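Understanding the architecture of this molecule
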Amino acid sequence: MVEVPDGGEAALTVRLRPLAVETEGIVVTSTRSNRRIEEVPTRVEVIDREEIEEKLLMTPGDIAMLLNETAGLRVQSTAPALGGASVRIQGLLGRYTLILSDGLPLYGSQSGALGPLQIPPVDLGRVEVIKGVASALYGPTAQGGVVNLISRTPNDERELLLNVSTLGGADAVLWLSDILSPTWGYTLLSGVHVQGRADVDGDGWADAPGFLRVMARPRLYWNNGRGSSLLATVGGMLEDRKGGTVTGGLTPAGTPYAEELSTKRADAGVLARVLSRGGQLLAVRGSASFQRLEHTFGSVLERDRYGTAFLEASLAGTNGPHAWVIGAAIQHDVYRAEDVTGFDYTHTVPGVFLQDEVSISSAVLVSASGRLDHHNVYGWFASPRLAALLRLHPWTVRASIGTGYFATTPHTEDVQAVGLTRLEPLPPDLKAERARGMSLDVGHEIGDVELNATLFASSVLDPVQTVRTADGLALRNGAGPTRSWGTELLARYAREPIHLTATYVYTRST
């Protein structure tokens, strides 16, 4: 307050100092540039909270329906006896899809055939999907794309969701959230999920496998309100699944057949961000996960362990028309089989990456990114990527092209369905898979109507294929590439309280 005597005058000088603040909730984080979704050269599909709530009321125990109803994504059954599934993006195999939680690989580098069926959606704030080759951003496990599950932030909420299905399933999910102080908060997700074995068609085989799953995930948040933040989480899950023949059911050989899977998983992760006064953002991400499986195929028992450790540091900033990111990461994957020999592996992959987004004009934005990795088994890999955004209101055009690679392991979709016992030893000349992909996206707005059309294509060189042999199954590199191409059409109408969405997807893979 400034007091001025009656009839007097006073000069007041106010100096404003710019303060850099990291905005939340209105930016896309999966592209590393932290831009508003309208300004991102790479097409990112965002599933918002409203759509998540619609799907979780129908399937509160997993995200399969949520992803399956997103254009370009397909949740494909890979282990029918146990209800296993993987997420295919634009026709590419599910093992090429990287599933993250708040940017952290908490579910491992290869989430496994049951991955999307073990993730409850109650604590999700939104889902960001990058379709197509994304190795330039996330390394060797993102050859097909990225599904980043962004959690809800603390907001003094309590939710209890109870669900019962006609096939004998039941879900009980508890969500707790509190703001402890202006800077601290926490969330807690816990759940119990039960499904009884169901033989719908009466053929003696379980069409819906039985399972009992218990899980918990607390998260701790800190935010100083000036751009620096911290997220720390731990998680645990126990699950038993049973499939195969039901009581009284027999195989054609006249014997019962049971397929069972016991899973124990634990993980921990940290995401720290520090925003300097100059506007540069230092981000450090780290996580570790451990998973133990006991898989029974009839009379055969296979026990194995997966472990993943991950650490990444990046620095992002702006310089005139440039928005840049530079960083380094290292990932360590370990697999050990206790009952089958010859398939153990230890993969260590350090890498460096950079990205530069240049605003050529108010209508043109170009992004160039690249990553250089060294795989301790397969050697050096360079993964460049180019993307461009052209905005001519009401038209928006996005184009991208990039390359990537996938480090081959014995855990293909076919092998996960039948077990390693039937698989022959991996040939010494087995190569890593390499991918090339492109997409062209055109959007148009007419009042409350949004239209979008996408053309995409990709090819995988040296694809690892499962072939039958006299002794069982074997993995071989294919003689020719695997190719996928197709189109996506989207029409969306939004005027409260009405929201209408229509999609059409055509995919062809050879």
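This text follows the structure it describes.
Read on for an overview of the structure. This structure is a prediction, so every number in the text was calculated from the model and none was measured.

1. Observations concerning a nonpolar patch on the surface
Together, Leu-386, Ile-401, Met-438, Leu-440, Leu-455, Trp-485, Leu-489, Tyr-504 and Tyr-506 make up a nonpolar patch on the protein surface, roughly 830 Å² of accessible area in all. For the nonpolar patch, the elements supplying multiple residues, two or more each, are strand E22 (433-446), strand E26 (482-495) and strand E27 (498-509). Summarising the element assignment, Tyr-506 is placed in strand E27. Tyr-506 gets classed as partly exposed once you look at its relative accessible area, which sits at 33%.

2. Some words on the environment of Arg-43
In this structure, Arg-43 sits in the loop between strand E2 (35-36) and strand E3 (44-47). Sequence separation between Arg-43 and Gly-125 is 82 residues; the distance between their C-alpha atoms is 19 Å. Not counting chain neighbours up to four residues away, the residues in contact with Arg-43 comprise Val-129, Ile-130, Arg-398, Asp-441, Asn-452, Thr-454 and Leu-490. For Arg-43, the side chain forms a polar contact with the side chain of Asp-441, separated by 2.5 Å.

3. Examining the pattern of salt bridges
In this structure the tally under the stated criterion is 30 salt bridges. Between Glu-413 and Arg-95 there is a salt bridge, with its nearest N and O atoms 2.8 Å apart. Pair noted here: Glu-413 is in helix H4 (residues 413-418) and Arg-95 is in the loop between strand E5 (84-89) and strand E6 (97-101), with a separation of 318 residues, a long-range link. For Arg-95, a relative accessible area of 9% gives the class buried. Overlapping salt bridges, with partners in common, bring together Arg-292, Glu-294, Arg-303, Arg-305, Glu-338 and Asp-339 in one network.

4. A look at the sheet that holds strand E7 (residues 124-131)
As summarised here, the arrangement of the four strands in space is E3-E7-E8-E6, forming an open sheet in which the pairing is mixed. The open sheet is flanked by E3 and E6, the only strands paired with a single partner. Averaged over all neighbouring strand pairs, the angle between strand axes comes to 15 degrees, with direction disregarded. With seven bridges connecting them, E7 and strand E8 (residues 145-151) associate as antiparallel partners. Of the residues in E8, the one forming a bridge with Val-129 is Val-147.

Calculation criteria
Residues numbered from 1 in each chain as written. Predicted model: local features only at pLDDT ≥ 70, side-chain atom pairs only at ≥ 80, totals over all residues. Heavy atoms only, no water. Patch = residues over 30% accessible without salt bridge, like charges linked within 9 Å, V, L, I, M, F, W, Y side chains within 5 Å. Areas by Shrake-Rupley, 256 points an atom, 1.4 Å probe, with all protein chains shown as cover. Salt bridge = Lys/Arg side-chain N within 4 Å of Asp/Glu carboxyl O. Helix = DSSP H or I, 4+ residues; strand = E, 2+ residues; numbered from the N terminus. Buried < 20%, exposed > 50% of the residue type's maximum accessible area, 1.4 Å probe, protein only. Contact = heavy atoms within 4.5 Å. Polar contact = N/O pair within 3.5 Å; in protein donor to acceptor, adjacent residues only side chain to side chain. Pairing = 2+ DSSP bridges. Axes fitted to C-alpha atoms, helices over the stretch in contact; angles between N-to-C directions.

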